[in-house]
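# A look at the structure
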Amino acid sequence: MVIERRYLSRVYILTFWLILLVIIFSTASPIALRPPVMITVNLDRGLAFAGLSMFAMLAYPKRVATTLFASIALPSVIEASQFLSATRHPHLLDVYVKSIGAALGCLFAYVVLAISKQISLRGAKP
């Protein structure tokens, strides 16, 4: 079964926004409300932002530079928002881990998009 591209795009957009909302809630809410993690905290942070940026890149494939910049800048903004909560403490290391995860997620999505484009171009040739 082949999924039409427009429906797949909608799934990417919806997934991106859902992940973003979960990350914002997890980062800005009091520590007692943070969901538990089964892996190391830094791996959890890196993977969360890798997934977020991957779906951002897949959702908005024509905005590669903007998506990459926003994905790497967003962890700084979200981490700084922790200054507004008395129970949270922002750390520069967290920004680094999240930004590296975001960059890797963008890179992975970029490779997937490039391969997908090559496959579709090969299929279009007579």
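Residues numbered from 1 in each chain as written. Predicted model: local features only at pLDDT ≥ 70, side-chain atom pairs only at ≥ 80, totals over all residues. Heavy atoms only, no water.

### Topic: the overall build of the protein chain
- Scanning the protein chain for helices and strands turns up 4 helices and 0 strands.
- The order of α-helices and β-strands along the protein chain, N terminus first, is α-α-α-α.
- Oriented by its inertia axes, the alpha-carbon framework of the protein chain measures out at about 65 × 25 × 25 Å.
- The burial tally for the protein chain puts 29% of its 126 residues in the buried class.
- Contacts in the protein chain between residues at least 24 apart in sequence constitute 75% of all its contacts with a sequence separation of at least 6.
- With an accessible surface of roughly 8700 Å², the protein chain has 74% of that area assigned to carbon and sulfur atoms.
- If you average the places of the 12 positive and of the 4 negative side-chain charges in the protein chain, the two averages end up 13 Å apart. (Helix = DSSP H or I, 4+ residues; strand = E, 2+ residues; numbered from the N terminus. Buried < 20%, exposed > 50% of the residue type's maximum accessible area, 1.4 Å probe, protein only. Contact = heavy atoms within 4.5 Å. Areas by Shrake-Rupley, 256 points an atom, 1.4 Å probe, with all protein chains shown as cover. Lys, Arg positive; Asp, Glu negative; His and termini not counted. Charge placed at Lys NZ, Arg CZ, Asp CG, Glu CD.)

### Brief notes about the confidence of the model for the protein chain
- Averaged over all residues, the pLDDT of the protein chain is 87; the fraction at 70 or higher stands at 94%.
- Element-level pLDDT for the protein chain is lowest in helix α1 (residues 5–28), with a mean of 88, against a maximum mean of 94 in helix α2 (residues 41–59). (pLDDT = per-residue confidence, 0-100.)

### Focus: the packing of aromatic side chains
- Inspection of every chain in the model, using the stated rule, returns 3 aromatic pairs.
- Centre to centre, the rings of Tyr12 and Phe55 are 6.1 Å apart; their planes meet at 50°, and the pair counts as tilted. Of this pair, Tyr12 sits in helix α1 while Phe55 sits in helix α2, and the two are 43 residues apart along the sequence.
- On the accessibility criterion, Phe55 (18% relative accessible area) is buried.
- Pairing Phe16 with Tyr60 gives two aromatic rings, centres 6.1 Å apart and planes at 90°, and the pair type is edge-to-face. (Phe/Tyr/Trp six-rings, centres within 6.5 Å; stacked < 30°, edge-to-face > 60°.)

### Regarding the environment of Arg63
- Take Arg63: it is sitting in the loop between α2 and α3 (64–80).
- A residue is classified by how much of its surface remains accessible, and Arg63, at 55% relative accessible area, is exposed.
- Arg63 sits 55 residues away from Gln118 along the chain, and the two C-alpha atoms are 19 Å apart.

### Some remarks on the pattern of salt bridges
- A complete count under the given rule lists 2 salt bridges for this structure.
- Asp94 is the salt-bridge partner of Arg45, the closest N and O atoms lying 2.7 Å from each other. Separated by 49 residues along the polypeptide, Arg45 in helix α2 and Asp94 in helix α4 (residues 92–124) bring together distant segments of the chain. Pair check on accessibility: Arg45 and Asp94 agree, each one buried. (Salt bridge = Lys/Arg side-chain N within 4 Å of Asp/Glu carboxyl O.)

### Considerations on the side chain of Arg45
- Its relative accessible area of 18% is what places Arg45 among the buried residues.
- When residues no more than four places from it in sequence are discounted, the contact partners of Arg45 are Arg34, Asp94, Val97 and Lys98.

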